[in-house]
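# Examination of the molecular architecture
So the chains spell out like this:
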Protein chains: 2
Amino acid sequence: MGATIKDIAEKLGVSAGTVSKGLNGGKDISEQLRKSILETAVEMGYESRRPRKESQGCLMVFVENMDYRTSGDFGYDIILGFRKEAYAAGWDVEVLPVTPAFQAENRYETLMMEKGSRGSFFLGFSLEDPWMEQIRTTSVPTILLDNSVPNANVSYIGTDTEEAIDGAVTYLIGLGHEKIGFLDGSTGSMISDLRMAAYLMSLKKHQMPIDPNLAIYSYFTSDAAHYHVPGMLDLGATAILCGNDLIAKGVIASCRNCGMRVPEDVSVIGFDDIPLDARLNPPLTTIRQDRTALGRSAFYTLRSMMEGTSVSRTLLHAELVVRQSAAVAKPRRITRRSVDSDSVLYKNPLLYEQYA
Amino acid sequence: MGATIKDIAEKLGVSAGTVSKGLNGGKDISEQLRKSILETAVEMGYESRRPRKESQGCLMVFVENMDYRTSGDFGYDIILGFRKEAYAAGWDVEVLPVTPAFQAENRYETLMMEKGSRGSFFLGFSLEDPWMEQIRTTSVPTILLDNSVPNANVSYIGTDTEEAIDGAVTYLIGLGHEKIGFLDGSTGSMISDLRMAAYLMSLKKHQMPIDPNLAIYSYFTSDAAHYHVPGMLDLGATAILCGNDLIAKGVIASCRNCGMRVPEDVSVIGFDDIPLDARLNPPLTTIRQDRTALGRSAFYTLRSMMEGTSVSRTLLHAELVVRQSAAVAKPRRITRRSVDSDSVLYKNPLLYEQYA
């Protein structure tokens, strides 16, 4: 953070005057150069001391429960993508972390008015956050990452979970897996429920039997795996799809503790493609969410909302990144028929009834 | 169709020279005036005889099975919304109707290359169309209205069916309805299946019992109602939600044939909000799809795809337009327990198993 005009000029090999023109809407430079100056400025953390001459105004990014300050954090690339597009289109962007306590003391729309901002983007919020009640009825164009509320002024942006999970399941079936478990994040999170539903729907589509003992809610951490993986292996699972990459990391460790090799004995697939994945042993096969594209799309959708086109959901294509943690199935003996019932799909009666 | 520069000038009360400047990217007119000249030109069907000076290129709109030539046709407003935004952003648009025979004789990507076009928008196609096989693997940015294929270069645009149907069901429950039937369009159409699934999911969410005899697939025409409505009324339905407005029109007529008044005895809700609805007797309460917004969003999404952000789905908010065809429930005696099984939900075993 804190790059100067001189830093940007050096990086691009142009004069400080040219950078200044690019940042302030000066006339005699090409559109392409202006764009790369703006992108580099955002990338290097340049903060202008005064609003740009041609600024359309300020857009707010509110963050909670999400790391975003350093390159590699999940939120960092999303915000970078948003800022770059917003900046190139003439908008300024202010990023503000907001705790539940802050939300309880400040009304959302009042804050937006104080900031003189016409639209916002929320990252890392849950439906239990104090502001969500106000967002249900707000008239301010508002974009939520991975959450939806039925309000014509609010829009949900995320990854196409159904397509993503179905792609991973199809890939595992192609490798000969017949017992594919799913170790999900926590119940009560919209994103866990979406991923669980997508897993069940995909098995159903492929006419694979559904074993509720292999469809498990846990937590979005590495530790969760140790409680569940031994049971899943006893039940005969040859592949474990995970609710995110941290869970997958835990599953790999836990398989080793049980004397199993990944991918020779058990295939593991993650979700997100966070930077650690390529450095894991074995490198993790995972469903990639394109984080800068999520940020860019959040801006496109916000612009569309501010111009009067009321989008409900924008879902991006995901990509299965094939590395080395999944391989051809090696069938295993089943030594157990069920596991402790309070750790599984029974926690979501709606999905349980529909699929199990 | 076929307006001249003079026509546009007269309509806007400006000189022909000003209109010409607006259309051809001349300098000394305001952005606002340029925009209204472009919008009026598109609206009045002005076709330039030469490419505009600043044109970014040409985008294709392919149409099949959809009326679009006259104001009031379902496709007309969608294409209008697309053209207006595309034109304002400097793109030319060519609309081309393509029959299955034409598709069988011309490869999609070859045609795009001949036309020098970098992106396209498809209306009214089904997954059985000859080109769909090519679209599954195309590298050309392609937008499909109401259809999805899992390809990173293809994007699905439509209305948020789940939210829309849940809004209508919630509204009917609020009016005291406990037996809400759904008369859908034909099986095998993606949009029928989505609407049926949304209806079942919504009943489930509201903990209402699901009667498979009230969840009926028919056809997207007015005539279909006569075969099904008598049975639905005998089964005690006090409200009938419809797969589109034509079906709703037929349901209203059919209720009258059975000696029932709408909305006093039976509530009826449509889907789409086509122009006839406000003139029906009673005026139809219906779920409104914003057609020009669908067209605008198709352009926004296509632009995003051409710039390298791979969107899978864009779903717009729908709006329940409350007119007079739905009212407080009046319970009715049940005189039958089931209807002819080949006309109902049994036609979709996947949904039947999940919900019934």
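As a reminder, the structure under discussion sits directly above these lines.
Everything in this summary refers to the structure shown in the same document. Nothing here was measured: the structure is a model prediction, and the numbers come from that model. (Residues numbered from 1 in each chain as written. Chains lettered and ligands numbered in written order. Predicted model: local features only at pLDDT ≥ 70, side-chain atom pairs only at ≥ 80, totals over all residues. Heavy atoms only, no water.)

## Overview of the overall build of chain A
The following threshold applies: For the purposes of this entry, the term helix denotes a DSSP run of H or I that reaches at least four residues, the term strand denotes a run of E that reaches at least two, and both are numbered from the N terminus. Within these notes, the globule rule equals 2.2 Å times the number of residues to the 0.38 power, and the radius of gyration is based on C-alpha atoms. Each residue is placed in one exposure class: buried if its accessible area under a 1.4 Å probe, protein chains only, is under 20% of its type's maximum, exposed if it is over 50%, and partly exposed if it falls in between. Only the protein chains shown count as cover for residues, with accessible areas throughout obtained via the Shrake-Rupley method and a probe of 1.4 Å. Under the convention used here, Asp and Glu are negative, Lys and Arg are positive, and both His and the chain ends fall outside the count. Charge positions are represented by NZ for Lys, CZ for Arg, CG for Asp and CD for Glu.
Helix and strand counts for chain A come out as 13 helices and twelve strands. Taken against the 2.2 N^0.38 rule, which gives 21 Å for 356 residues, the C-alpha radius of gyration of chain A at 23 Å falls within 12% of a compact globule. Principal-axis analysis of the C-alpha atoms places the extent of chain A at approximately 70 × 45 × 35 Å. Looking at the 356 residues of chain A, the share that counts as buried comes to 57%. As displayed, chain A has an accessible area near 15,200 Å², and 50% of this comes from carbon and sulfur atoms. Both charge centroids of chain A, one from 37 positive and one from 44 negative side chains, sit 4 Å from each other.

## Looking at the packing of aromatic side chains
Note the cut-off: Ring geometry is summarised as follows: Phe, Tyr and Trp rings, the Trp one being its six-membered ring, pair when their centres sit within 6.5 Å, and such pairs are stacked at plane angles under 30 degrees, edge-to-face over 60 and tilted between the two. A positively charged side chain is recorded as over a ring if its NZ (Lys) or CZ (Arg) lies within 6 Å of the ring centre. The angle to the ring normal must also be within 35 degrees.
One pass over the structure, following the stated rule, counts 24 aromatic pairs over all chains. Their ring planes at 45° and their centres at 5.0 Å tell us that F62(B) and F122(B) sit as a pair that is tilted. In this pair, F62(B) sits in strand 1 (residues 57-63) while F122(B) sits in strand 3 (residues 117-123), placing the two residues 60 residues apart along the sequence. Neither residue differs from the other here; F62(B) and F122(B) are each classed as buried. Assessed through its relative accessible area of 1%, F122(B) is described here as buried. Above the face of the F271(A) ring, R195(A) is positioned so that its terminal group lies 3.8 Å from the ring centre.

## Overview of the relation of the copies chain A and chain B
Under the convention used in this document: The fit set for superposing copies consists of C-alpha atoms from residues with pLDDT of at least 70 in both; the fit itself is least squares. What makes two residues a contact is simply this: any of their non-hydrogen atoms within 4.5 Å.
Overlaying chain A with chain B gives an RMSD of 0.1 Å, the required rotation being 180° about an axis along which the chain moves by 0.0 Å. In short, the pair behaves as if placed about a two-fold rotation axis. A high fraction, 100%, of the interface residues of chain A reappear at the interface in chain B, so the copies pair face to face through one surface.

## Some words on the packing of helix 4 (residues 74-88) of chain A against helix 12 (residues 291-306) of chain A
All names here are of chain A. Note the cut-off: Whenever a helix is involved, its axis is fitted only over the stretch in contact; in every case the axis is a line through C-alpha atoms, and angles between N-to-C directions fall within 0 to 180 degrees. We call two directions roughly parallel when the angle between them is under 35 degrees, roughly antiparallel when it is over 145, roughly perpendicular when it lies between 65 and 115, and oblique otherwise. Take the far helix as your reference; a near helix turned counterclockwise from it by less than a right angle gives a left-handed crossing, and one turned clockwise gives a right-handed crossing.
Across the interface, helix 4 lies against helix 12 with an axial gap of 6 Å and an inter-helix angle of 45°. With respect to helix 12, the axis of helix 4 lies oblique. For helix 4 against helix 12, the interelement crossing comes out right-handed. Residues F74, D77, I78, G81, F82, E85 and A86 of helix 4 form the contact with helix 12, whose own contacting residues are R291, T292, G295, R296, A298, F299, Y300 and L302.

## Quick word on helix 9 (residues 190-205) of chain A
Residues and elements named next belong to chain A. As a reminder of what qualifies: In a helix, the anticipated span is given by 1.5 Å times the number of residues less one.
With 16 residues, helix 9 should cover 22 Å at 1.5 Å per step; its first-to-last C-alpha distance of 22 Å lies within 8% of that length. Among the residues making up helix 9, those that are buried are I191, S192, R195, M196, A197, A198, Y199, L200, S202, L203 and K204. Directly after helix 9, the chain includes Q207, whose backbone phi takes a positive value near 55°.

Purely geometric numbers; function is a separate question.
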